[in-house]
Amino acid sequence: MKYWLMKSEPDSFSIDDLKRKGTEPWDGVRNYQARNFMRDGMKVGDKVFFYHSNTDVPGIVGIATVASPAYPDESQFNPKSKYYDEKSTREEPRWVLIDVKFERKLARTISLEELKGYDELVDMPLVRKGNRLSVMPVAKGDWDFILKLEKS
């Protein structure tokens, strides 16, 4: 099993939205590195930290599970979609998505500011300066450390 972090703006799609829906396609990823993580790295059953970004207190707010293998993101083929990609074809789609399944909300938001304060997380991609990826791997040790923070 692998561990991941996926960012979403709560005004667009929040942990409460995922809780209400149960399982949802994670669409609209238009960064090649993030796409490659979903396409080549994510497997059904992998765990995901759900992260609220672009909000007053950005941070980890919940846990989800990868619920499907990667498959083509249909929005890339729709000229009316903001995620349309005219160079993408059904024969060679550029963009994929995975389905994520709600597991639980955290007891509290673990803020980015708090995460940056721990020497134990210095190598975590999320806390590195300039890292803006919406999908990124999380080391098992970092995953376990963060889960312990929830209770503190």
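Up top is the structure these notes are about.
Anyway, here's the lowdown on the structure attached to this text. These numbers were taken from a predicted model, which means no experiment stands behind them.

1. A few points about the packing of aromatic side chains
At step 1: Under the counting rule described, the total for this entry stands at six aromatic pairs.
At step 2: Aromatic pair Phe-49 and Trp-143: ring centres 3.8 Å apart, planes at 20 degrees, arrangement stacked. Of this pair, Phe-49 sits in strand β3 (residues 47-52) while Trp-143 sits in helix α4 (residues 140-150), and the two are 94 residues apart along the sequence.
At step 3: When its relative accessible area of 0% is taken as the criterion, Phe-49 is described as buried.
At step 4: Put simply, the rings of Tyr-3, Phe-49 and Trp-143 pair up and form one aromatic cluster.
At step 5: Its guanidinium or amino end placed over the ring of Trp-95, Arg-35 lies 5.8 Å from that ring's centre, counting from NZ or CZ.

2. What about the side chain of Asp-46?
At step 1: Within the secondary structure, Asp-46 is located in the loop between α2 (32-41) and β3.
At step 2: For Asp-46, which is buried and forms no salt bridge, the nearest opposite charge comes from Lys-2, at a distance of 6.2 Å.
At step 3: Here the side chain of Asp-46 touches Trp-4 through a polar contact of 3.0 Å, side chain to side chain.
At step 4: Excluding residues that lie within four positions of it along the chain, Asp-46 makes contacts with Met-1, Lys-2, Trp-4, Gly-41, Ala-64, Thr-65 and Val-66.

3. What about α2?
At step 1: Listed as buried for α2 are Ala-34, Arg-35, Phe-37, Met-38 and Gly-41.
At step 2: In the core, the buried residues of α2 are packed alongside β1 (3-8), β6 (96-97) and β8 (135-138).
At step 3: With a side-chain oxygen lying 2.9 Å from the backbone nitrogen of Gln-33, the N-terminal cap of α2 falls on Asn-31.

4. Focus on the nonpolar core
At step 1: Core analysis: the biggest nonpolar cluster contains 42 residues, and Leu-5, Met-6, Met-38 and Leu-115 have the highest contact counts within it.
At step 2: No other element matches the five residues that strand β4 (residues 59-66) contributes to this core.

5. A few points about the environment of Val-61
At step 1: Relative to the assigned elements, Val-61 resides in strand β4.
At step 2: On the accessibility criterion, Val-61 (8% relative accessible area) is buried.
At step 3: Dropping the residues within four chain positions of it, Val-61 is found in contact with Ile-15, Phe-50, His-52, Lys-105, Leu-106 and Thr-109.

6. Remarks on the pattern of salt bridges
At step 1: Scanning all chains against the criterion turns up 11 salt bridges.
At step 2: Two residues, Glu-150 and Arg-104, come together in a salt bridge whose shortest N-O distance is 2.8 Å. A residue pair is termed long-range when its members are at least 10 positions apart, and Glu-150 in helix α4 and Arg-104 in strand β7 (residues 99-111) qualify at 46 residues.
At step 3: Residues joined in a network through salt bridges with shared partners are Arg-104, Glu-150 and Lys-151.

7. So, unusual backbone geometry
At step 1: In this model, Asn-54 sits at a positive phi of 50 degrees, which is unusual for a non-glycine residue.
At step 2: Of note, Asn-54 is situated in the loop between β3 and β4.
At step 3: The exposure class of Asn-54 is exposed, given its relative accessible area of 61%.

8. What to know about the pairing of β4
At step 1: By the criterion of burial, β4 is predominantly enclosed, with eight of the eight residues buried.
At step 2: Pairing of β3 with β4, which is carried by six bridges, proceeds in the antiparallel orientation. Note that in β4 the partner of Phe-49 across the bridge is Ile-63.
At step 3: Here seven bridges tie β4 to β7, and the two strands are oriented antiparallel to one another. Paired with Thr-65 across the strands is Lys-101, a residue of β7.

Definitions and cut-offs
- Residues numbered from 1 in each chain as written.
- Predicted model: local features only at pLDDT ≥ 70, side-chain atom pairs only at ≥ 80, totals over all residues.
- Heavy atoms only, no water.
- Phe/Tyr/Trp six-rings, centres within 6.5 Å; stacked < 30°, edge-to-face > 60°.
- Helix = DSSP H or I, 4+ residues; strand = E, 2+ residues; numbered from the N terminus.
- Buried < 20%, exposed > 50% of the residue type's maximum accessible area, 1.4 Å probe, protein only.
- Lys NZ or Arg CZ within 6 Å of the ring centre and 35° of its normal.
- Lys, Arg positive; Asp, Glu negative; His and termini not counted.
- Salt bridge = Lys/Arg side-chain N within 4 Å of Asp/Glu carboxyl O.
- Polar contact = N/O pair within 3.5 Å; in protein donor to acceptor, adjacent residues only side chain to side chain.
- Contact = heavy atoms within 4.5 Å.
- Core = buried A, V, L, I, M, F, W, Y, C linked by side-chain atoms within 4.5 Å.
- Pairing = 2+ DSSP bridges.

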